[in-house]
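# Survey of secondary and tertiary structure
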Amino acid sequence: MTAAQVKFGIFVVLVLGLPASLMASGTPDLVELGKLVMILSPAVVGLALNFGLGDKGRKPDWRGVGWAAVITLAIVSGALAAAALGGALSFAPNAAPIDKILAASGASALTSVLEELGWAGGGLSLAIAALGRRWGVLVLGLVWAAWHLVPTFLHVGLFPQLEAAPPAMIVVFVLACLAYRELLTVLRERASTWLAAAAAHAAPNIILAGLITAGLGVFDATRWPLFPAPGGVVFLGLTGIAILVVSRMGQARPPA
């Protein structure tokens, strides 16, 4: 086993094991601490083990960062439209104050950026150094899926839609994590900065968080294929199309 593989193994163990051990304790304070550790650990551990983001010496393409956000907004918009047409959405305006809506969107933006600071930053560089581009991104996508599923199976309330999901939706969720991680990686490579993945991850989450706070219902267990996020079949299909389109748009540069 190479040094790079050892470092990536340590990354995987820490980002999955630390929050899981805390959330599995059953002690309310430790469960909440586990949620915080879950959000922070990919960034902290990834940056520490990789000694940075993997962007050193590269000039960011800021237009590529903007296009990354546009692409994922298009995916989620299409998935939302399909869900609406299929009767899987409900909207009951609840007169939520604007500050509450903005707070939900802001919190979603912060957590999304923190995620990608770890996964598209140090974590991606560690994975590619250990396993190469193809297998590195694939395994990182599986770890990313597991990172979401640990609190789901422990029923700590972080992902209530997944906690209520049928087994088939969990399978599609894992596939969607693999596809979405590939898309975020390609967008990062083309823009030569992890910020492209952060923008792509955050942009639709900001919109969804605000809409949900304002009264949008986005989960119906009987219509789970239309769920407009990872776990939905339509979302997975649109992500696959986006990968094909973006992959034909010139030469990408893998992170260092």
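Residues numbered from 1 in each chain as written. Predicted model: local features only at pLDDT ≥ 70, side-chain atom pairs only at ≥ 80, totals over all residues. Heavy atoms only, no water.

Here the focus is the overall build of the protein chain. Along the protein chain, the regular secondary structure elements total nine helices and two strands. Starting at the N terminus, the α and β elements of the protein chain follow one another as α-α-α-β-α-α-α-α-α-β-α. For a compact globule of 256 residues, the expected C-alpha radius of gyration is about 18 Å, and the protein chain comes in at 18 Å, within 12% of that figure. Along the first, second and third principal axes, the C-alpha atoms of the protein chain reach 50 × 50 × 35 Å. Pairs at least 24 residues apart make up 81% of the contacts formed inside the protein chain by residues separated by at least 6 positions. A total of about 11,600 Å² of accessible surface is found on the protein chain, and carbon and sulfur atoms cover 72% of it. (Helix = DSSP H or I, 4+ residues; strand = E, 2+ residues; numbered from the N terminus. Rg over C-alpha atoms; globule rule 2.2 N^0.38 Å. Contact = heavy atoms within 4.5 Å. Areas by Shrake-Rupley, 256 points an atom, 1.4 Å probe, with all protein chains shown as cover.)

What follows covers the pattern of salt bridges. Per the counting criterion, the structure on display carries five salt bridges. Salt-bridge contacts for Arg 181 lead to Glu 116; the nearest nitrogen and oxygen are separated by 2.9 Å. On the criterion of sequence distance, the pair formed by Arg 181 in helix α7 (residues 167-191) and Glu 116 in helix α4 (residues 98-131) is long-range, its members being 65 residues apart. There is no split in this pair, since Arg 181 and Glu 116 are both buried. Between Glu 182 and Arg 133 there is a salt bridge, with the nearest N and O atoms lying 3.0 Å from each other. (Salt bridge = Lys/Arg side-chain N within 4 Å of Asp/Glu carboxyl O. Buried < 20%, exposed > 50% of the residue type's maximum accessible area, 1.4 Å probe, protein only.)

This part is about the side chain of Thr 185. Mapped onto the fold, Thr 185 is located in helix α7. Taking the relative accessible area as the measure of exposure, Thr 185 reaches 2% and is therefore buried. Those residues in contact with Thr 185, other than ones at most four positions away along the chain, are Leu 124, Arg 133 and Val 137.

Another aspect to go through is the packing of helix α2 (residues 28-50) against helix α5 (residues 133-154). Interhelical geometry of α2 versus α5 gives an angle of 165° and a closest axis separation of 11 Å. Considered as vectors, α2 and α5 are oriented roughly antiparallel to each other. The interaxial crossing formed by α2 with α5 has right-handed handedness. Within the contact between the two elements, α2 uses Met 38, Ile 39, Ser 41 and Pro 42 and α5 uses Trp 147, His 148 and Pro 151. (Axes fitted to C-alpha atoms, helices over the stretch in contact; angles between N-to-C directions. Parallel < 35°, antiparallel > 145°, perpendicular 65-115°, else oblique. Left-handed = near helix turned anticlockwise from the far one by under 90°.)

Following the criterion strictly, the structure yields five aromatic pairs and no others. For the ring pair Phe 8 and Phe 11, a centre distance of 6.2 Å and an interplane angle of 15° mean the geometry is stacked. With a gap of three residues between them, Phe 8 and Phe 11 both fall in helix α1 (residues 3-23), about one helical turn apart. Given the relative accessible area of 0%, Phe 11 is considered buried. By the ring-pair criterion, three or more aromatic residues cluster together here, those being Phe 8, Phe 11, Trp 119 and Trp 147. One residue, Arg 181, lies across the ring of Trp 144, its end atom 4.2 Å from the ring centre. (Phe/Tyr/Trp six-rings, centres within 6.5 Å; stacked < 30°, edge-to-face > 60°. Lys NZ or Arg CZ within 6 Å of the ring centre and 35° of its normal.)

Further remarks concern the environment of Ala 242. Looking at where Ala 242 falls in the secondary structure, it is placed in helix α9 (residues 233-247). Given the relative accessible area of 9%, Ala 242 is considered buried. Residues Ala 242 and Ala 179, 63 residues apart in the sequence, show an inter-C-alpha distance of 9.7 Å. Those residues within four positions of Ala 242 in sequence are excluded, and the remaining contacts are Ile 71, Ile 75 and Leu 183.

Here the focus is unusual backbone geometry. Of note in this structure, Phe 51 is not a glycine but carries a positive phi near 55°. Here Phe 51 shows up in the loop between α2 and α3 (62-85). Non-glycine residue Ser 192 carries a positive phi angle of around 60°. Here Ser 192 lies in the loop between α7 and α8 (194-214). A relative accessible area of 2% places Ser 192 in the buried class.

Its place among the elements puts Asn 50 in helix α2. In this structure the side chain of Asn 50 is engaged in a polar contact, spanning 2.8 Å, whose partner is the backbone oxygen of Gly 52. (Polar contact = N/O pair within 3.5 Å; in protein donor to acceptor, adjacent residues only side chain to side chain.)

Take it as geometry only, folks, not as evidence of what the structure does.
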